[in-house]
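# Overview (structure and organization)
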Amino acid sequence: MQKLTFTFIVSLILTLGAAGQKISISLFNNLKLSTILITPTSGSYRLILGDNEVELKVNQILYISRSGDSLMVRDANQNMGTWKRVTVVGQTGEDIIRVKPIVPASPARLYDDNLSFYVDLDRIFAINLIDQEKYVAAVVEAEGGLNREPEFYKVQALIVRTYTFAHLNKHLAEGFNLCDEVHCQSYLGRSEKNSDILDAVLDTKDMVIVDAERNPITAAFHANCGGQTANSEDVWVKPLPYLVSVSDRYCLGSNSSTWERSIPIGEWKKFLSQNGVDTLKIKKNSDLDFQAKTRPKYYAVMGVEIPTTDIRKHFRLRSAWFSVSAGKSEVRLSGRGYGHGVGLCQDGAINMAQKGWTYDQIVQYYYKGVSIVKLTELDMDRIRVDTTLNNMVEPNLPPPGMEFPQRPPDRGTR
Ligand SMILES: [Zn+2]
Ligand SMILES: [Zn+2]
C-alpha cells in the first residue's frame, strides 16, 4: 500500500497538463516541519497508513511527528504507529482539512482535497494533492486581492493557470510540482473569502495564454506601471515578443501610481561614484537633476548612463521610473508605478474591468500577439516552456500600499 500510494502520486505528477488533473504542492515549504496537527473540517476522509485504511472523522485531530526518517502518528486517544508515509484522501470531492504546524508553530490553514506526508532532508514534507482549478482559485485570492470585478479575476486566473501549467516540473526532482511560496506562486490555503473568484476560475476552466508559437507565455505582472509598461529586455535583458512596452492610462488614478522618496545627497553621490560618475566634477547639485517623462532605461548624469533598474535595486525603490531633483542636503525622487513594470498592470486591469472591458480584451492589451486557448487544444509533445526568466529576483520592496493588503511583495518575473 505504501508503494501504491507513492506510485499513485508519481503517476499524478507525470500525467499533468491534461484537463481536470490534480497537482501536488508542498505546503509550509519554508518551514522545517517536525510536528503537524491535521483536522478534517468537512466532507469525509480516509486515513491510509501502510495497508491499513481507516475513516478520519470531521473534527478528529491527528498529530504527525517526525521520528528519524519516519512519521509517528497519534490521535487524541492512541498512538497509531510509525510510518514512512501518511496519506489522507477526501471521499466526496468537497473535502476540506485544516493543517496546523505545531513545531515550528505557524497559523493553521484550510486546504481542499488530499494530503500526503513523508520525511526527507530532516523535515516533514506536507504535500497537497489538489484539483488544479481549486488551486488556481486559491492563488488568485492570494495574489489578486478581494472585492475585484469578475473580469479581473478571470484575467488573474488565466495568468495563474498559465504559470502553473508552464512550471509543473519546477520541483519535480523533489517529488512535487510546485511549492507554496513566492518562489512559485503564493498559496495560503483554499479560496473562500469571495465566491466570485471560484466562478471566474470555472468560467476560464482549462484555459491558458499562449504566444504566436502556441507555447505558454511568461505571464509577468506587477501592481502598477505608472502609465507605461516596460519592455522585458529593459528589466531582465531577454526580449520576449509579447512583453513589450504599452502606454496605460487606466492605472493613473490608483494610490500606487506615484511615489516620492528622499535620499541623503552624500548617499546618492557615493552610489554615483561607484557607478563611474566623477563626482568631483559636480559644480552644482542641480547637475544631478533628471526628468523622466516616459519610462527611462537609464539615468543620464554627468555623461554617464546608469540603468534605472540598478538604482531601483540598490535603493529598493518602488519602481525604476523616477525623476531626480537635487537639493542642498538630499535628492528628491518623484517616481511612478509599483513593481518591475513588465507585462500586465494589475491596477490598470482592475480599472478596465470596472469600465466593462472583457478578460480577453485586457489580456490582449498587456500581452501582445497572444491567444487564449484550452489546454486540450495544445500539442503537449511540442510545447516549449521558457524558464530563463524563472529565477529573476525582485528587490525586497517596502511594504505594499494599503490598497493591496493581501498581495505579497512583487514576485520574480510575475
Ligand atoms: Zn517553488
Ligand atoms: Zn498601468
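Described in the following lines is the structure provided in the data block. Not measured: the values here are computed from a predicted model.

## Topic: unusual backbone geometry
- Residues V103 and P104 are joined by a peptide bond in cis, for which omega reads -10 degrees.
- In this structure, F28 is a non-glycine residue whose phi angle is positive, near 45 degrees.
- Note that F28 resides in the loop between β1 (22–27) and β2 (35–42).
- Given a relative accessible area of 3%, F28 falls into the buried group.
- Of note, D206 is a non-glycine position whose phi angle comes to about 65 degrees, a positive value.
- Checked against the element boundaries, D206 lands in the loop between α4 (195–203) and β14 (207–210).

## Details of the coordination of the zinc ion (ligand 2)
- On the protein side, the zinc ion (ligand 2) has C225 (SG), D248 (OD), C251 (SG) and C345 (SG) as donor atoms, found 2.1 to 2.3 Å from it.
- Classification of the site at the zinc ion (ligand 2) as tetrahedral follows from its 4 donor atoms and the range of 102 to 121 degrees in their angles at the metal.

## Considering the coordination of the zinc ion (ligand 1)
- Taken together, the protein ligands of the zinc ion (ligand 1) are H171 (NE2), C179 (SG), H183 (ND1) and C184 (SG), with distances of 2.0 to 2.3 Å.
- Coordination at the zinc ion (ligand 1) comes from 4 donor atoms whose angles at the metal span 100 to 116 degrees, giving a geometry best classed as tetrahedral.
- Mapped onto the sequence, the residues coordinating the zinc ion (ligand 1) show the spacing H-x7-C-x3-H-C.
- C179 sits in the buried class, given a relative accessible area of 1%.
- Among the residues examined, H183 registers a relative accessible area of 40% and is labelled partly exposed.

## Here's the deal with the packing of aromatic side chains
- Using the criterion set out here, one finds 15 aromatic pairs in the structure.
- Aromatic pair Y135 and Y187: ring centres 5.2 Å apart, planes at 80 degrees, arrangement edge-to-face. Of this pair, Y135 sits in helix α2 (residues 132–144) while Y187 sits in the loop between β13 (178–179) and α4; the two residues are 52 residues apart in sequence, bridging distant segments of the chain. No difference in accessibility class separates Y135 from Y187, as the two residues are buried.
- Members of the aromatic cluster, connected to one another through ring pairs, are W268, F271, F290, Y299 and F315.
- The ring of Y63 has R74 sitting right over it, with the charged end atom 4.4 Å from the ring centre.
- In this structure, R336 is placed above the aromatic ring of W321, and the distance from its NZ or CZ to the ring centre is 4.6 Å.

## Concerning the side chain of E143
- With respect to the secondary-structure elements, E143 resides in helix α2.
- Look at E143 and you get buried, because its relative accessible area is 1%.
- There is a polar contact of 3.3 Å between the side chain of E143 and the backbone nitrogen of S186.

## Structural notes on the sheet that holds strand β5 (residues 62–67)
- With respect to topology, 6 strands assemble into an open sheet ordered β7-β6-β5-β2-β9-β10, the strand pairing being antiparallel. Each of the sheet's edge strands pairs with one partner strand only, and the pair in question is β7 (79–83) and β10 (109–112). Along the sheet, successive strands turn relative to each other by an average axial angle of 25 degrees, direction set aside.
- Where strand β6 (residues 70–75) lies against β7, 3 bridges are found, and the strand directions are antiparallel. Within β7, the position partnered with M72 by the bridge is T82.

## Observations regarding the nonpolar core
- Membership of the largest hydrophobic core comes to 91 residues, with the highest contact counts inside it found for I38, V86, F117, Y187, L344, I362 and Y367.
- Ranked by residue count, the leading element in this core is helix α3 (residues 150–166), at 9 residues.
- For F117, the contacting residues outside a window of four places in its chain are I36, I38, I64, L71, K84, R85, V86, I124, F125 and A126.
- Core analysis: the next-biggest nonpolar cluster, separate from the first, contains 24 residues, W268, I306, L317 and F322 among them.

## Observations regarding α3
- Between the first and last C-alpha of α3 there are 24 Å, a value that for 17 residues agrees with the 24 Å anticipated at 1.5 Å per step.
- Of all 17 residues making up α3, 16 are buried, and the element is well covered by its neighbours.

## With respect to the environment of S325
- Turning to its location among the elements, S325 is positioned in strand β19 (residues 322–326).
- Assessed through its relative accessible area of 38%, S325 is described here as partly exposed.
- Among residues more than four places away in sequence, those in contact with S325 are D289, E330, V331 and R332.

## Here's the deal with the sheet that holds strand β12 (residues 123–131)
- The 7 strands are arranged β4-β3-β8-β11-β12-β1-β13 in an open sheet whose pairing can be described as mixed. In this open sheet, the two strands that pair with only one neighbour each are β4 (52–56) and β13.
- The pairing of strand β3 (residues 45–49) with strand β8 (residues 85–90) spans 5 bridges and is classified as antiparallel. Pairing of Y45 across the sheet is with G90, part of β8.
- Where α2 meets the sheet, it contacts β1, β12 and β13, and its direction lies at approximately 110 degrees from that of β12.

Rules used in this analysis
- Residues numbered from 1 in each chain as written.
- Chains lettered and ligands numbered in written order.
- Predicted model: local features only at pLDDT ≥ 70, side-chain atom pairs only at ≥ 80, totals over all residues.
- Heavy atoms only, no water.
- Helix = DSSP H or I, 4+ residues; strand = E, 2+ residues; numbered from the N terminus.
- Buried < 20%, exposed > 50% of the residue type's maximum accessible area, 1.4 Å probe, protein only.
- Donors = N, O, S within 2.8 Å, 3.2 Å for Na, K, Ca; no water.
- Tetrahedral: all angles 85-135°; square planar, octahedral: opposite > 155°, others 65-115°.
- Phe/Tyr/Trp six-rings, centres within 6.5 Å; stacked < 30°, edge-to-face > 60°.
- Lys NZ or Arg CZ within 6 Å of the ring centre and 35° of its normal.
- Polar contact = N/O pair within 3.5 Å; in protein donor to acceptor, adjacent residues only side chain to side chain.
- Pairing = 2+ DSSP bridges.
- Axes fitted to C-alpha atoms, helices over the stretch in contact; angles between N-to-C directions.
- Core = buried A, V, L, I, M, F, W, Y, C linked by side-chain atoms within 4.5 Å.
- Contact = heavy atoms within 4.5 Å.
- Expected span 1.5 Å × (residues − 1).

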